[in-house]
Amino acid sequence: MNIANNKKLKLPAEKFFIIVVLIFGVLATFLTPPMSTGDEGYHLSYAYNQFSSTHPEVMSKPSLRVMENEAIGGVTGSTAAISIKDTIFKKVDLENDGIRFNLTSNGNSFVPINLMHLPASVGVLIARLIYPSIGVMDYGGRLANLLFFALCFYFIIKKSKQGKWLMVMLFTVPYLMKIASPSYDIFSFIVFAMFALNFLELTQIKSFKELSKKQRLYTLVTVLLLFFAKKNYVFSLFALVGLPMFYRPLVAHFKKMKTVTKWLAALTVAFLIVGALVVFNEKFGLVHFTKVFFNNYLNFATMGTNARRMWMITPMNLPDFFNIIWILLFCWVAMGEFRQVYPKWAAWTSGMTYFINWVGIFAGIYVGQRTLSAFDELSGRYLQPFIIFFLPALQNLGAKYNIQLSEKTVANIAKVSTITIMVLYLLIVFYRGFILRVKPTGVV
């Protein structure tokens, strides 16, 4: 039963999304102590300096990193010695800094232009002109990112031909912490979502001739934007291999080949694979690479904190069983809300993209850290967005076993799960940050 049309509901999915995200996002902005989300000092520095002419020392990355470390409790985890009031109300010396637009790279995208911090930069600039304190500028960046996030995903969900309530679940809970942050992840999430949802639509198109000019242009834009986002999102391009318009002509051409030609083609591919493995082995050491990967992320006896960090979708400061429940509900909705069947190769390559991203990021970290000890630079936040690539497999299962959920059931699951996680998250953040005075958030 296809229930992508939400006209029967009093509150369509996209309207529910923007209302809930804006309300809880504003609350998260002010209930989360300044500088206490993941890498917030790093992001605030880049966001501020995008509209700075002199780049004052107080807003430099090293200075704000120190403040960030203090805001999350440093080594002890206690923030009792930090005055949140001073962070908000004490103005900082900006050394008569002027306003100048900068597009310098932060090194985290393939294109040497930093567009990722631009939404937060506008908010930080406005806050700076109103009241130049660290806390107020941080709030400005958070609110600007929140507004950008809410508006963009409102239109993405509205345009989506996938299950809209599934999109509500997918685009809120996994990204909850980043809503209250001037992070570049917000820009990257939006670009990635545009690409991934467009890819899912393209799986239903059999040939290039069926593509309209609008679809071709939009696809090109989504691909190009990936190079302006965080580098690891480029791994999502692997999913394109699964599009019928790509592989069907190749399969048809292969079938027309003579037997001898087929064998030559197969041998050529085999030699290319062997050659790639040889190069990989020389660069990384294939056996050692595999052993480190296994011990860090698949062996629960040796992977330490990664056993928890790697598989968390819900915020880290919530009990693990909430994460398990949310994932089960997500899979249930994915199988029962929207009836669409994907080509098998598209479903396989889509799911493989998740693992390509995982291994690819690990390889980048491994280059400079070839030890058997567990390291947590590769945490769940790098894998969370890529769970969207499991939708083809989940929806195929739903179609195969005729799993159907009513429109009301799906909407209630999405609403209750989203609001429950958000309320619990905010309560814990406030309690830990303002009452216990310890690190309020967990970095996923």
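Report on the accompanying structure. (Residues numbered from 1 in each chain as written. Predicted model: local features only at pLDDT ≥ 70, side-chain atom pairs only at ≥ 80, totals over all residues. Heavy atoms only, no water.)

Here's the deal with the packing of helix α1 (residues 13–31) against helix α6 (residues 134–159)
As a packed pair, α1 and α6 sit with axes 9 Å apart at the nearest point and diverge in direction by 170°. When the axes of α1 and α6 are compared, the pair comes out roughly antiparallel. Where α1 abuts α6, its residues Ala13, Glu14, Lys15, Phe17, Ile18, Val21, Leu22, Gly25, Val26, Ala28, Thr29 and Phe30 lie against Tyr139, Arg142, Leu143, Leu146, Phe149, Ala150, Leu151, Phe153, Tyr154, Ile157 and Lys158. Classifying every residue of the contact of α1 with α6 gives 17 nonpolar, 2 polar and 4 charged. (Axes fitted to C-alpha atoms, helices over the stretch in contact; angles between N-to-C directions. Helix = DSSP H or I, 4+ residues; strand = E, 2+ residues; numbered from the N terminus. Parallel < 35°, antiparallel > 145°, perpendicular 65-115°, else oblique. Contact = heavy atoms within 4.5 Å. Nonpolar A, V, L, I, M, F, W, Y, C, P; charged D, E, K, R; others polar.)

Describing the environment of Asp138
Tracing the chain through its elements places Asp138 in helix α6. On the basis of relative accessible area, Asp138 is assigned to the buried category, the value being 0%. Sequence separation between Asp138 and Ala127 is 11 residues; the distance between their C-alpha atoms is 8.2 Å. When sequence neighbours within four positions are dropped, the list of residues in contact with Asp138 reads Pro34, Met35, Glu40, Leu44 and Pro182. (Buried < 20%, exposed > 50% of the residue type's maximum accessible area, 1.4 Å probe, protein only.)

Here's the deal with the packing of helix α5 (residues 118–130) against α6
Relative orientation of the contacting elements α5 and α6 amounts to 140°, with a least axis distance of 7 Å. Considering the angle they form, α5 stands oblique to α6. Handedness of the crossing formed by α5 with α6: right-handed. Of α6, the residues touching α5 (which contributes Pro119, Ala120, Gly123, Val124, Ala127 and Arg128) are Val136, Met137, Gly140, Gly141, Ala144, Asn145 and Phe148. Residue composition of the contact of α5 with α6, by class: 8 nonpolar, 4 polar and 1 charged. (Left-handed = near helix turned anticlockwise from the far one by under 90°.)

Some words on the nonpolar core
Among the nonpolar cores identified, the biggest contains 93 residues, and Phe17, Phe153, Phe171, Phe330, Ile388 and Phe389 are the most heavily contacted of them. In this structure Phe153 touches Phe17, Phe171, Phe189, Ile190 and Ala193, once residues within four positions along its chain are discounted. Judged by nonpolar contacts, the second largest core, of 18 residues, contains Met35, Leu44, Ala127 and Tyr139. (Core = buried A, V, L, I, M, F, W, Y, C linked by side-chain atoms within 4.5 Å.)

Here we look at the packing of aromatic side chains
In total, this model carries 35 aromatic pairs according to the counting rule given. Ring centres of Tyr42 and Tyr184 lie 6.3 Å apart, and the angle between their planes is 80°; this geometry places the pair in the edge-to-face category. Of the two residues, Tyr42 is situated in helix α2 (residues 40–49) and Tyr184 in the loop between α8 (176–179) and α9 (185–202); the sequence distance between them amounts to 142 residues. Here Tyr42 matches Tyr184 in class, with each residue buried. Its end group placed over the ring of Tyr218, Lys159 keeps NZ or CZ at 4.7 Å from the ring centre. A cation over an aromatic ring shows up here: Lys231 above the ring of Phe110, its NZ or CZ 5.7 Å from the ring centre. (Phe/Tyr/Trp six-rings, centres within 6.5 Å; stacked < 30°, edge-to-face > 60°. Lys NZ or Arg CZ within 6 Å of the ring centre and 35° of its normal.)

Considerations on the environment of Ile428
Mapped onto the secondary structure, Ile428 falls in helix α18 (residues 407–436). Spatially, the C-alpha atom of Ile428 lies 20 Å from that of Ala81, the residues being 347 residues apart in sequence. In this structure Ile428 touches Asn317 and Leu318, once residues within four positions along its chain are discounted.

A word on the pattern of salt bridges
In total, this model carries 8 salt bridges according to the counting rule given. A salt bridge links Arg65 to Glu68; its shortest N-O distance comes to 3.1 Å. Pair noted here: Arg65 and Glu68 are both in helix α3 (residues 61–71), with a separation of 3 residues, about one helical turn. Residue classification places Glu68 among the buried positions, given a relative accessible area of 8%. Put simply, Lys178 and Asp185 hold a salt bridge, and the shortest N to O gap is 3.5 Å. Of the two residues examined, Lys178 and Asp185, each falls in the buried class. Residues joined in a network through salt bridges with shared partners are Asp39, Arg65 and Glu68. (Salt bridge = Lys/Arg side-chain N within 4 Å of Asp/Glu carboxyl O.)

Spatial relationships are all this shows, so hold off on functional conclusions.
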